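Residue-level structure breakdown
Chain by chain, the residues:
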Amino acid sequence: MNCAKAVETRLLDDLLSAHRIYELLKDVEPDVSKVLQRNLLQKSLKPKQPPRSLYLHGVTCHKTEPTKRGSYSDVYRGKFQGKVVALKQIRVDSYNLKILSLKLDRVAIIWKQLNHPSILPFLGIEVETSGFVRPRLVTPWMGNGNIIEVAKHVVSRNELFTLIPKWIREVAAGVKYLHEEYIIHGDIRGANIFINENQGAQIGDFGIAMMTNTLLITPSSKSSFQWLSPEILLGVVERSTKECDVYSFGCFCIELYTLQNPYPDLNDYIQVLRHIQSGMWPKRPQSPTRSGVEMSDIMWELVQRCLVPIASRIAMPKLVDILDDVFSDVD
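First things first, this report covers the structure right here in the doc. None of the values given here were measured: they were computed from a predicted structure.

Helix and strand counts for the protein come out as 12 helices and eight strands. Excluding contacts between residues fewer than 6 apart, the proportion of contacts in the protein whose partners are at least 24 apart in sequence is 67%. When the accessible surface of the protein is summed, it comes to about 16,600 Å², and 51% of that surface belongs to carbon and sulfur atoms.

Here is the structure:
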């Protein structure tokens, strides 16, 4: 670890650009390299020069009102190099605006390095659009919408029954990949998972979740509390962990099968909190559902392993292995 410490010190003294960081780290053992990257990005509070390659020039957006509103951000529709893009502007007060800019740089460096079919690609940071003074994250525009919106428009229930296992495997693989990269998503639910033009599921907004952990931005209580783990709701942990992501993934599976929130009959935070304190879980999706499909016995067993107390909760790598085995016949 002395070698790793020496590399960290060297890099902190010469944090001129993201490219130089990764160039210097390329020969370091992969796991050590990832840890160093995270440490560097957290410690370098005042970088001498933001990496210019992260900033996009020529992004256009003529909308003054957002096209969509998420838990943490407002989403605008724009264009970049002839393609439609999504511009996500984090909701933050003026006091935290300067901190946000620093966090955006670090999140962008990490996100730009990620490469996985189940992760929504990151294009860069836009800061030039007329009328906007806050930087915005730029990603491809997912015209199909999020996974729940797409599932609700699948005409055939048999088709949906085939698509759901495929999407669940893809999302699980994406979460596993993020955890391997030392990234906690913190807000896994249908609204943050998108379907691309090839009908593949891609996870988005994990960069926003990373920033909210440090800026202490809280999501709307009406939007995400039903997917939060008991340890978050009860204040046992201050920030999301891998285990919290696993719990949220289990709730997402219920959401995808039912096309409803995990607790469709509970309307506020307090009701869900009391439900969880009583040791009760979301209900198993059973036929007939209002619009979804029935969950098999083996899938329900896996979901329960996501929802159990944290000490017994299944790890994502193990879950991915089981899902791949169970749904091996699903393309």
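Using the criterion set out here, one finds three aromatic pairs in the structure. Note on W111 and F122: the rings are 4.8 Å apart at their centroids and 20° apart in plane angle, and the pair reads as stacked. Placement of W111 in helix α4 (residues 97-113) and of F122 in the loop between α4 and β5 (124-126) is noted, with a sequence separation of 11 residues between them. Assessed through its relative accessible area of 2%, W111 is described here as buried. On the accessibility criterion, F122 (7% relative accessible area) is buried. Over the aromatic face of Y76 sits the side chain of R136, whose NZ or CZ is 4.8 Å from the ring centroid. Lying across the ring of W227, R189 places its NZ or CZ 5.7 Å from the centre.

Right, let's get into the pairing of strand β4 (residues 83-90). Extensive coverage of β4 is indicated by the burial of six of its eight residues. Of the strand pairs in this sheet, strand β3 (residues 73-80) and β4 are connected by eight bridges, and their pairing is antiparallel. Bridged to G78 within β4 is V85. The hairpin turn running from β3 into β4, its antiparallel successor, is two residues long, and Q81 in that turn takes a positive phi close to 50°.

This paragraph deals with the packing of helix α9 (residues 242-258) against helix α11 (residues 297-307). The geometry of α9 relative to α11 is characterised by a closest axis approach of 7 Å and an angle of 145° between their N-to-C directions. Handedness of the crossing formed by α9 with α11: left-handed. Where α9 approaches α11, its residues V246, Y247, F249, G250, C251, C253, I254 and Y257 are matched on the opposing element by M299, W300, V303, C306 and L307. When its residues are assigned to classes, the contact of α9 with α11 shows 12 nonpolar, one polar and no charged.

What follows concerns the pattern of salt bridges. The tally for this structure, following the rule as stated, stands at seven salt bridges. D297 is the partner of R284 in a salt bridge, and the nearest nitrogen-oxygen pair spans 2.6 Å. Of this pair, R284 sits in the loop between α10 (269-277) and α11 while D297 is found in helix α11, placing the two residues 13 residues apart along the sequence.

As for its position among the elements, H57 is in the loop between β1 (55-56) and β2 (68-69). Separated by 24 residues in sequence, H57 and Q81 place their C-alpha atoms 9.5 Å apart.

What counts, and where the lines are drawn
Residue numbers here run from 1 along each chain, matching the order of that chain's written sequence. Where totals are concerned, whole chains, interfaces and linings use all residues; where local detail is concerned, this predicted model gives features only for residues with pLDDT of at least 70, and gives and counts side-chain atom pairs only at 80 or more. Water and hydrogen atoms were dropped before computing side-chain values, which therefore reflect all heavy atoms in the structure. Only runs of H or I of at least four residues qualify as helices and only runs of E of at least two qualify as strands under DSSP, and these elements are numbered from the N terminus. It only takes one pair of heavy atoms within 4.5 Å for two residues to be counted as in contact. Surface exposure here means Shrake-Rupley accessible area, sampled with a 1.4 Å probe, where a residue is shielded only by the protein chains that are shown. Put simply, two rings from Phe, Tyr or Trp (the six-membered ring, in Trp's case) pair if the centres are within 6.5 Å, and we call them stacked under 30 degrees between planes, edge-to-face over 60, tilted for the rest. Three labels apply to residues, based on accessible area from a 1.4 Å probe with only protein chains included: buried if under 20% of the type maximum, exposed if over 50%, partly exposed otherwise in between. In this analysis the charged atom, NZ for Lys or CZ for Arg, is taken to sit over a ring once it is within 6 Å of the ring centre and within 35 degrees of the ring normal. A pair of strands is labelled paired if DSSP reports no fewer than 2 bridges between them. Here an angle of 0 to 180 degrees is reported between the N-to-C directions of two axes, which are lines fitted to C-alpha atoms, with helices fitted over the stretch in contact. By definition, turning the near helix anticlockwise from the far helix through less than a right angle yields a left-handed crossing, and turning it clockwise yields a right-handed one. Three classes are used: nonpolar for Ala, Val, Leu, Ile, Met, Phe, Trp, Tyr, Cys and Pro, charged for Asp, Glu, Lys and Arg, and polar for all others, with Gly counted as polar. Only one rule defines a salt bridge in this text: a Lys or Arg side-chain nitrogen within 4 Å of an Asp or Glu carboxyl oxygen.

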